[in-house]
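Here are the chains, one letter per residue:
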Amino acid sequence: METIDSKQSENFLRLVNLFVVTGKEVLADKFNSIHKCSDLPSVLLTWESYLRNLATPLTQSQLQLLYPSPGVYGDSRKWDVALICKLIREICSLTPPTTGWFCFPNDSEASFEADLTRLNCCRDRFYTTVTKMAVDDVSFAKLWSEVSSVLVRIASGISAALGSQWKKSIDKLQCFPVTAAGEENLRQLDIWYRYDLKECKELLLRSASHTAKLKRRFVEFNKSDEGLQSETSVFCFSQRCRI
C-alpha cells in the first residue's frame, strides 16, 4: 500500500475544510446579504413551489432543512454548502457567466456569479485527488491561493470590512491544526460535488445545443467520479490518513 506523508494528508484536509466550512460560511454571508434573515420565511414561502419542483430535485434532507414542518421555515445557519450554492443560483436573481455554471469563467469576468463558478470548478479539480487523500505542498499552495482569493473577493463584495475579516481568518486557517471534523467535511464535499454532477448531466440531457466546453466538463466530472467509484468507500481516508 502506498505510504502517504502526514504533511500531504494535512494539506488535503485543510483544503477540504476551506471548501466546505469556510466556503459555506462565506457563501452564507453572501446569501444573507441578498435575502435578509428576517425576510427568509417569506422568501422561502414565495419560492416553495419552485424549489420543490426543480429539474434537478433537492434531496429530501435538503427540503427538510428548508421546510421542517408546515408553516415553519429553515434557518440558513443549518444549511450545508451544497444547499447554499443551489439556493444562490436558483433564488437570488443571478445571471450565469458567459460559460455557464459548470465551466471556468473567462479571466475577464469579475462578477460574483463568475467567482461562485470558479469556486465550484476549483472544487472539481481538487476532487480528483480524493482517492489519494493527499496534496503535495506545491499543489496545496497554488490551490489554497486560488480558492482563498475567490472567497475573499466574494466577502469583499458584501463589504470591505468583511473581506478583510475573512482574509485574516483564512490566513490563520492555513496554519491551524487539523481537527477530527475532517470526515464530516469530506462527506459534505462529496454531497456538494455529486449534486452538481447530477445537475450537469441533466443539463446536457435537456439542452438542444450541447456546447463542446460543457461536454468536456461532463467528461471531467465522470473521470473524477469513476476514480471515486474504485474506492471501497469515500470515507476510507479515516483509516488511510490519520494525522
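1. Some remarks on the confidence of the model for the protein chain
Thinking step 1. Put simply, the protein chain has an average pLDDT of 80, and 76% of its residues get 70 or more.
Thinking step 2. In this model, residues 226–243 is a region of pLDDT below 50 whose contacts with residues beyond four sequence positions or in other chains number 37 contacts.

2. Details of the packing of aromatic side chains
Thinking step 1. With the rule as written, the count across this model stands at six aromatic pairs.
Thinking step 2. A ring pair is formed by Phe31 and Trp79, whose centres lie 5.5 Å apart and whose planes are at 75°; its orientation type is edge-to-face. Placement of Phe31 in helix α1 (residues 6–34) and of Trp79 in the loop between α3 (60–66) and α4 (81–91) is noted, with a sequence separation of 48 residues between them. An identical accessibility class is assigned to Phe31 and Trp79; each is buried.
Thinking step 3. For the pair Tyr67 and Tyr73, a centre-to-centre distance of 5.9 Å together with 80° between the ring planes defines the contact as edge-to-face.
Thinking step 4. Among the aromatic residues, those joined into a ring-pair cluster are Phe12, Phe19 and Phe126.

3. Focus: the side chain of Lys30
Thinking step 1. Mapped onto the secondary structure, Lys30 falls in helix α1.
Thinking step 2. Not counting residues within four places of it along the chain, the set of residues in contact with Lys30 comprises Phe112, Ile154 and Ile158.

4. Looking at the pattern of salt bridges
Thinking step 1. As enumerated under the stated definition, the model contains 11 salt bridges in all.
Thinking step 2. Among the salt bridges present, the one from Glu146 reaches Lys142, with a minimum N-O distance of 4.0 Å. In this pair, Glu146 and Lys142 are both assigned in helix α6 (residues 137–158), four residues apart and thus about one turn of the helix distant.
Thinking step 3. A relative accessible area of 26% means that Glu146 is categorised as partly exposed.
Thinking step 4. Taking the shortest distance from any N to any O, the salt bridge between Lys167 and Asp171 comes out at 3.0 Å. With Lys167 and Asp171 both in helix α7 (residues 160–173) and four residues apart, the pair spans about one turn of that helix.
Thinking step 5. Note on Lys167: relative accessible area 44%, which makes it partly exposed.
Thinking step 6. Classification of Asp171 as partly exposed rests on a relative accessible area of 39%.
Thinking step 7. Connected through shared salt-bridge partners, Asp115, Arg118 and Arg153 make up one network.

5. Brief notes about the side chain of Ser76
Thinking step 1. Within the secondary structure layout, Ser76 lies in the loop between α3 and α4.
Thinking step 2. Engagement of the side chain of Ser76 in a polar contact is seen with the side chain of Asn32, the distance being 3.2 Å.

Quick notes on the rules
- Residues numbered from 1 in each chain as written.
- Predicted model: local features only at pLDDT ≥ 70, side-chain atom pairs only at ≥ 80, totals over all residues.
- Heavy atoms only, no water.
- pLDDT = per-residue confidence, 0-100.
- Contact = heavy atoms within 4.5 Å.
- Phe/Tyr/Trp six-rings, centres within 6.5 Å; stacked < 30°, edge-to-face > 60°.
- Helix = DSSP H or I, 4+ residues; strand = E, 2+ residues; numbered from the N terminus.
- Buried < 20%, exposed > 50% of the residue type's maximum accessible area, 1.4 Å probe, protein only.
- Salt bridge = Lys/Arg side-chain N within 4 Å of Asp/Glu carboxyl O.
- Polar contact = N/O pair within 3.5 Å; in protein donor to acceptor, adjacent residues only side chain to side chain.

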